[in-house]
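Spelled out from the first residue to the last, the chains are:
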Amino acid sequence: AMSSYQPLYPWSRDSDWNTLVEPTALTLDVTEIYGNAGESFHLTATVAPEDVTLPYVFWRSTDPEIATVDNDGVVTLHVSTSELEGNECRIIAETLYADAPIAVAGIGGDPELSVIDEIGADQAEKIDYSQPYDVYDLQGVLLGNSIEAVAPGFYIVRQGANTTKILK
């Protein structure tokens, strides 16, 4: 007689373990940081819904010379924000999930004004965001002419002959 197959891992029998719950929102308790060089601030990220399968949050700074952030969301300023012109640096919180929302805190300014991470730096420098430009999704669908109007994610920005991929 054949013995019945018993999986080694109990969760392969348990339907709860097979359901991957992805985050629908990621929010920060603070979205703008002002202070002096040497000061530290603890940012708290909240992942929703509460039962996300892997609710880990990863932190990064867009300019570590201005501010750094550790794995717990503690931001340390290396420059006083009074010396900055707007959004030269942002702290970005993200999860393990590729298409999930990200959260951004601006150092010394409103993060919504320039939540643009340039990916192709040489090309991106040719885009003048004070002049008209078009924003496309990654499938090439024209979304509009302002990065402010789109949700966080990856986009293509085109201005004349110049095109770059950005992360908002």
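The shown structure was predicted, so the numbers you read here are calculated from the model rather than taken from an experiment.

**Q** I'd like to hear about the overall build of the protein, residue by residue, with values.
**A** Scanning the protein for helices and strands turns up two helices and 14 strands. Within the protein, the proportion of its 168 residues that are buried is 35%. Within the protein, contacts between residues at least 6 apart in sequence are counted, and of these 55% link residues at least 24 apart. As displayed, the protein offers around 10,300 Å² of accessible surface, 52% of which is attributable to carbon and sulfur atoms.

**Q** Describe a nonpolar patch on the surface, with residues and values.
**A** Together, Leu-54, Tyr-56, Phe-58 and Leu-96 give the surface a local cluster of nonpolar side chains, amounting to about 380 Å² of exposed area. Note on placement: Leu-96 falls in the loop between strand S8 (90-94) and strand S9 (103-107).

**Q** Describe the environment of Pro-132, naming the residues involved and giving the relevant values.
**A** Mapped onto the secondary structure, Pro-132 falls in the loop between helix H2 (121-124) and strand S11 (134-136). Judged by its relative accessible area of 69%, Pro-132 falls in the exposed class. On a C-alpha basis, the gap between Pro-132 and Arg-158 in space is 9.4 Å, while along the polypeptide they are 26 residues apart.

**Q** Mind laying out unusual backbone geometry, listing which residues take part and the relevant values?
**A** In this model, Ala-48 is joined to Pro-49 through a cis peptide bond whose omega is -5°. Along the chain, Pro-49 turns up in the loop between strand S4 (45-48) and strand S5 (58-61).

**Q** Explain the side chain of Gln-159 residue by residue, including any values.
**A** If you trace the backbone, Gln-159 turns up in strand S13 (residues 154-159). At 3.5 Å, the side chain of Gln-159 forms a polar contact with the backbone oxygen of Gln-131. There is a polar contact of 3.0 Å between the side chain of Gln-159 and the backbone oxygen of Pro-132. Residues in contact with Gln-159, not counting those within four places in the same chain, are Lys-126, Ile-127, Asp-128, Gln-131, Pro-132 and Tyr-133.

**Q** Describe the confidence of the model for the protein, naming the residues involved and giving the relevant values.
**A** When pLDDT is low, close inspection of the predicted coordinates is not appropriate. When pLDDT is averaged along the protein, the result is 79, and 78% of the positions lie at 70 or above. Confidence drops under pLDDT 50 across residues 114-124; counting only partners more than four residues distant or on other chains, this segment forms 32 contacts.

Analysis parameters
- Residues numbered from 1 in each chain as written.
- Predicted model: local features only at pLDDT ≥ 70, side-chain atom pairs only at ≥ 80, totals over all residues.
- Heavy atoms only, no water.
- Helix = DSSP H or I, 4+ residues; strand = E, 2+ residues; numbered from the N terminus.
- Buried < 20%, exposed > 50% of the residue type's maximum accessible area, 1.4 Å probe, protein only.
- Contact = heavy atoms within 4.5 Å.
- Areas by Shrake-Rupley, 256 points an atom, 1.4 Å probe, with all protein chains shown as cover.
- Patch = residues over 30% accessible without salt bridge, like charges linked within 9 Å, V, L, I, M, F, W, Y side chains within 5 Å.
- Salt bridge = Lys/Arg side-chain N within 4 Å of Asp/Glu carboxyl O.
- Polar contact = N/O pair within 3.5 Å; in protein donor to acceptor, adjacent residues only side chain to side chain.
- pLDDT = per-residue confidence, 0-100.

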